[in-house]
Amino acid sequence: SLAVPASLAVPASLAVPASPAVAKAPSSQSNAIFFVGWPERFHMAERYSDEVLAHDPELTDPDKLLLWAVRHQANEGECTTSRPSMWDKVATAKWMAWRQIGKKSKPEAMNVFVRVVAELHPEWWKWPALGLVEAEEEEGEEEMEEGEPVAEGPGSLDLSLGAVPGSAVGNVPGATNGTGPPLLKPPAGEEEKGAPNTPSGGRESRPLSRNLSRMGQGWQPLVTSGLPPRAHYRHAAAVIGAHMYVFGGRTHGGRLPEGVRVLSMVSCEWSQPVIEGSVPARWAHSMNAWRHMVVVFGGVRKREYLADVALLDTHNLCWLHAEPTAAEPTFGAVKNSPSARAYHSATLVHNRLYVFGGEDSTGLLPPDVHALDLLTLSWVRHKCSGHVPVAVRDHVAIAAGSRMLVVGGSTAAGYVDGSKLAVLETETMVWAQVRCSGQVPSARAGHAVAMTPSMSEGGWDLCIFGGGDGLRGFSDLFRLDLTSSEWSKVNSEDDATNGLTPREGASVASAGTLLVVFGGYTSTGCSADAYICDQGMYASSLASSIAADSELEENGKEGLSALALLSSADAQEVSAAQEVFGRAMQVAVLGVECDLGCGEWVPVGHDETFGAATQRLELLQLQLSRAPENSPARRATFLASCHAGLLPVASGGTECWFIFYWVCVLNVSTGQRASAMSAGVQLSAPLLAKARETRFTKSISALAREVGGSADGQDVQELLTHRLMTLHAQLTEAWYSAIGALLAVEAEAQALAE
């Protein structure tokens, strides 16, 4: 075979590096280019590439090769040409680069091309010929930003501390001045990579609805396909959207499994995505879902205890290595980072990760509480008061509003039962002890917990599964009503007949009322089985769609055969979708409540907002898969989601914030998906101040309700009154773009098949 010359090797952005690169944040961008739609933005980047970038003497051959391949994908689609002659090395290198891009759609490739151009020339949009800025303004900006750090080429990762507000991609909230928060920047060329694709090989996929059709209230084996992970225990799992991510653990003989496995809760398929970068395998660590990220902390590798923080970007499929600093101490806290540990707990509350307990090589660690602010990547150790619990290991902790609940574990005096729970109020850092009644779980460690919607009206329940006390293991499932503090046993004594034997070190993940147990250590060794249990499968989530569908039938529209489910019950969002789907495709639209499971929050920047919209779409797929056969939801031909986000724009030394939307559309029968982004509407100063005060943990509508009752309420009402129509129009335009992109993709696929 012919070796490709080093000068024309496939660029690093198309391959998987052995370890992630770390680069500085790119120069500040005003977001003038943000208000340019697609494909106009791509054509501007093409023009700049031809007339400016191509003449850059520092442009390397791999850069040129990447630009050529992505541009061809954007204009011509997937590479279907035959391999060039083996003697033509340049043509062969181009063909290989084009082929490795894979099945990215043309709109996705357009996004990738613009990202690559921005990585090579961060201020390409300031080229006067494009007409986005004045020539004098461009010169002034260049002088002001001279000497600022510039990101490395395609394929770099960024987790720097000098992010400037207004960066178009990957911004996180919290900046009030020019320094700004850390920037979690995905690798270049991966603008719209969604959840990992499941493999096409293996056994036939069994949709979740088939598994659930055999379910009662107890555990049932989950029949999966794809690439299942090895049998292991002491791993960790987290749910993003409708995908469960599993990382770490120990297998037979104490080996550590490498890589990340993903279980789609919709198709019940396992996959092993190719993730850029790497994180050392470990066990007895913590793993938390934060927005579209998975945060990993601590654990044990071989005989070494760890204290590192790594973030898995599930949108761009890359590892980000964080290097948190010790924050300046505030009242009741000291400047301190946690020591290396394992068997600890980590709980996410309002963008802060609270680490408690655990052990190291010397034994039990003191019952200190460390908090990692994920917006600033800084640690503090809090001085807590109240009924401080004793040192504990192998326990679990979970968030309930602003409180952290500690359940079970092992102390120097023995195992802890469920009759008393240690509760930390994170707003005051005061410990309390809550007495519980009912069918109290026995003392245990090595168990797992998850939160599910309450069986009663509103609220959440805490579910605890498995574990052991040194003499025996458990396979029971208990629920704690957080309103009454009463325990109840859920599963029957006959669950062992379904294969769910007592186990320790298993993981439990929840998506709505659905619980999934994976792995663990049993009397026969490690397990690779998965089990599902549902505590109210057909409850509130689809009630609104059934009621809305009944309304349609009462109005004489029962003949509609086409239906679109929108993962939102917001009146404005449903209205915009109804207008577009009704005109373009003669499809009725029903709005469905779709909780992301992480409380209210507003994403900041393109990536976070796109990730939130994608998560909503996945959860909607999950709800549809578990709907009864006679449900109106089964008539849906399209699933759609939209999510509002905020975008900071730096202009003239001031910072303005805009509301915008990402929308996604899925054809249920073909599986094709497309997405689009709306333009923005400026946010008022009172709303922005309230968003910062609440650390971006509440939605815009919730903030508007709060500010509406204050002295600034009139200003807010004026903003909503005067600009509501503008935002509605922008959202409508985004829906048209998404549907047009979906139809184009389906037409291209049909033509290729013919």
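Everything here concerns the structure above.
Residues numbered from 1 in each chain as written. Predicted model: local features only at pLDDT ≥ 70, side-chain atom pairs only at ≥ 80, totals over all residues. Heavy atoms only, no water.

K.L.:
Can you walk me through the sheet that holds strand β29 (residues 430-435) in this structure?
P.N.:
The pairing of strands in a sheet comes from backbone hydrogen bonds and takes either a parallel or an antiparallel form. Read across the open sheet, the five strands follow the order β23-β29-β28-β25-β24; overall the sheet is mixed. Single-partner strands in this sheet number two, and they are β23 (385-386) and β24 (396-400). (Pairing = 2+ DSSP bridges. Helix = DSSP H or I, 4+ residues; strand = E, 2+ residues; numbered from the N terminus.)

K.L.:
Help me out: how do you make sense of unusual backbone geometry in this one?
P.N.:
Negative phi is the rule for most residues except glycine; trans is the rule for most peptide bonds. Located in the positive-phi region is C268, a residue other than glycine, with phi close to 60°. The backbone of L377 shows a phi angle near 50°, a positive value even though the residue is not glycine. For L377, the position within the fold is in the loop between β21 (369-373) and β22 (378-382). Using a relative accessible area of 3% as the deciding quantity, one classes L377 as buried. (Buried < 20%, exposed > 50% of the residue type's maximum accessible area, 1.4 Å probe, protein only.)

K.L.:
Would you mind showing me how to read the packing of aromatic side chains here?
P.N.:
One pass over the full model with this rule turns up 14 aromatic pairs. For the pair Y48 and W127, a centre-to-centre distance of 5.7 Å together with 75° between the ring planes defines the contact as edge-to-face. Taken together, the residues span a long stretch of sequence, with Y48 in helix α1 (residues 40-51) and W127 in the loop between α4 (106-120) and α5 (135-144) at a distance of 79 residues. The exposure classification of Y48 matches that of W127, with both residues buried. Three or more aromatic residues joined by ring pairs form one cluster here, namely Y48, W124 and W127. Taking the ring centre of W283 as reference, the NZ or CZ of R250 above it sits at 4.3 Å. (Phe/Tyr/Trp six-rings, centres within 6.5 Å; stacked < 30°, edge-to-face > 60°. Lys NZ or Arg CZ within 6 Å of the ring centre and 35° of its normal.)

K.L.:
Help me out: how do you make sense of helix α2 (residues 61-76) in this one?
P.N.:
An α-helical turn contains 3.6 residues, so a residue and the one three or four places further along point in the same direction. With 16 residues, α2 should cover 22 Å at 1.5 Å per step; its first-to-last C-alpha distance of 22 Å lies within 8% of that length. Here α2 has its buried residues at D63, L65, L66, L67, A69, V70, H72, Q73 and A74. Turning to α2, the residues buried within the fold contact α1, α3 (89-100) and α4. Downstream of α2 by a residue or two, G77 has a phi angle that is positive, lying close to 90°. (Expected span 1.5 Å × (residues − 1). Contact = heavy atoms within 4.5 Å.)

K.L.:
Just to check I follow, could you spell out the pattern of salt bridges for this structure?
P.N.:
Between side chains of opposite charge, a pair can form as their charged atoms come close. Counted according to the given criterion, the structure contains 14 salt bridges. Linking R71 and D50 is a salt bridge whose minimum nitrogen-to-oxygen distance equals 2.6 Å. With R71 in helix α2 and D50 in helix α1, this residue pair connects regions lying 21 residues apart in the sequence. Of the residues examined, D50 reaches a relative accessible area of 39% and is grouped as partly exposed. The residue E78 makes a salt bridge to K103 at a minimum N-O spacing of 3.5 Å. Of this pair, E78 sits in the loop between α2 and α3 while K103 sits in the loop between α3 and α4, and the two are 25 residues apart along the sequence. Owing to a relative accessible area of 31%, E78 belongs among the partly exposed residues under this scheme. (Salt bridge = Lys/Arg side-chain N within 4 Å of Asp/Glu carboxyl O.)

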